[in-house]
Amino acid sequence: MGKTYERIDGRLRSFIEAQPLFFTATAPLSGDGTVNLSPKGLRGSFAVLDELTVAYLDFAGSTAETVAHLRENGRITLMWCAFQGPPNIVRVHGRGEPVFRDDPRFGELLSHFPDIDPTAHGLRAIVVVTAELVRDSCGFAVPYLAYEGERELHAKRFSREDDASLSEYFSKKEHIATSLDGLPGLPLPLPPSTV
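All values reported here derive from a predicted model rather than from experimental measurement.

**Student:** Mind showing me how you'd approach unusual backbone geometry here?
**Tutor:** Going from Leu-188 to Pro-189, the amide bond is cis rather than trans, its omega being -5 degrees. Positive phi is not limited to glycine here, since Leu-42 has a value of about 70 degrees. Relative to the assigned elements, Leu-42 resides in the loop between β3 (36-40) and β4 (46-50). In this model, His-175 sits at a positive phi of 65 degrees, which is unusual for a non-glycine residue. If you trace the backbone, His-175 turns up in the segment after α5 (163-172).

Encoded structure:
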């Protein structure tokens, strides 16, 4: 039986912070638009900011669907599954905002991620999510999976880039500046970092 939580704290917070993988789901307002579901990893790239606010680092990737959807309507759901230990699934339904590198809040938000070097991964934005509904469910059908470690390829690929070359890389890729459905995505060229 699922439970609704008023805040992200205690065992719920500990569970979320211990997971090496979570998923984000967003969609445009258009009924025939593309629903996006993305896996997020890299230990240290997620943080609980307070009892109703979480954030994660948005790194270089193949598209910018989440950013585009959040810029249009802000709706987002985050989900964590227990692949080890007691079965559990936690969802945070809320409103999200991409905070770009030139935003005055960027430096303070980045301080919540001390265990990861964002320059090695092509940091594009910090996504801040305010929870409106926090629920768990049984997760009885989620299989046991073993966490073996982080992949090194992302850091190896993007640590070679500086701001100028990263902007050039993004400008040549489809669905970075504009989403699959034609919504504004990542601002290009990349805004300069405030830190």
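So, next bit.
**Student:** Sorry, what's going on with the environment of Leu-188 here?
**Tutor:** With respect to the helices and strands, Leu-188 occurs in the segment after α5. Residue Leu-188 is classed as partly exposed on the basis of its relative accessible area, which comes to 29%. Once the C-alpha coordinates of Leu-188 and Arg-91 are considered, the two residues, 97 residues apart in sequence, prove to be 32 Å apart. Setting aside anything within four residues of it in sequence, one finds Leu-188 in contact with Phe-170, Ser-171, Ile-176 and Ala-177.

**Student:** Would you take a moment to explain the pattern of salt bridges for this structure?
**Tutor:** Where charged atoms from two side chains of opposite charge come close, those side chains can pair. Enumeration according to the criterion identifies 10 salt bridges in this entry. Note that Arg-157 and Glu-161 form a salt bridge whose closest N and O atoms lie 2.6 Å from each other. A relative accessible area of 23% places Arg-157 in the partly exposed class. By sharing partners, the salt bridges in this structure join Glu-6, Arg-7 and Glu-51 into a single network.

**Student:** Before we go on, may I ask you to explain α5 in this structure?
**Tutor:** Helical periodicity: at 3.6 residues per turn, an α-helix aligns residues three or four positions apart in one direction. Along α5, the positions that sit buried rather than exposed are Leu-166, Ser-167 and Phe-170. With its buried residues spanning 100 degrees around the axis, α5 presents them on a single face. Exposed and facing more than 90 degrees away from the buried side of α5 are Ala-164 and Lys-172. Between a side-chain oxygen at the N-terminus of α5 and the backbone nitrogen of Ala-164 the separation is 3.2 Å; the capping residue is Asp-162.

**Student:** Explain the packing of aromatic side chains to me, please; I cannot follow it from the model alone.
**Tutor:** Both the distance between ring centres and the angle between the ring planes are used here to describe each pair of aromatic rings. In this structure the tally under the stated criterion is six aromatic pairs. Here the aromatic rings of Phe-158 and Tyr-169 are separated by 5.5 Å at their centres, their planes lie at 75 degrees, and the arrangement is edge-to-face. Residue Phe-158 is found in helix α4 (residues 153-158), and its partner Tyr-169 is found in helix α5; the two are separated by 11 residues along the sequence. Taken together through their ring pairs, the aromatic side chains of Phe-22, Phe-46, Tyr-56 and Trp-80 make up a single cluster. Directly above the ring of Tyr-147 sits Arg-43, whose terminal nitrogen or CZ lies 4.6 Å from the centroid. Over the face of the ring belonging to Phe-158 we find Arg-157, whose NZ or CZ atom lies 4.8 Å from the ring centre.

Criteria and thresholds
Residues numbered from 1 in each chain as written. Predicted model: local features only at pLDDT ≥ 70, side-chain atom pairs only at ≥ 80, totals over all residues. Heavy atoms only, no water. Helix = DSSP H or I, 4+ residues; strand = E, 2+ residues; numbered from the N terminus. Buried < 20%, exposed > 50% of the residue type's maximum accessible area, 1.4 Å probe, protein only. Contact = heavy atoms within 4.5 Å. Salt bridge = Lys/Arg side-chain N within 4 Å of Asp/Glu carboxyl O. Arc of directions from axis to C-beta. Polar contact = N/O pair within 3.5 Å; in protein donor to acceptor, adjacent residues only side chain to side chain. Phe/Tyr/Trp six-rings, centres within 6.5 Å; stacked < 30°, edge-to-face > 60°. Lys NZ or Arg CZ within 6 Å of the ring centre and 35° of its normal.

In short, the description is geometric, and any link to function would need to be established separately.
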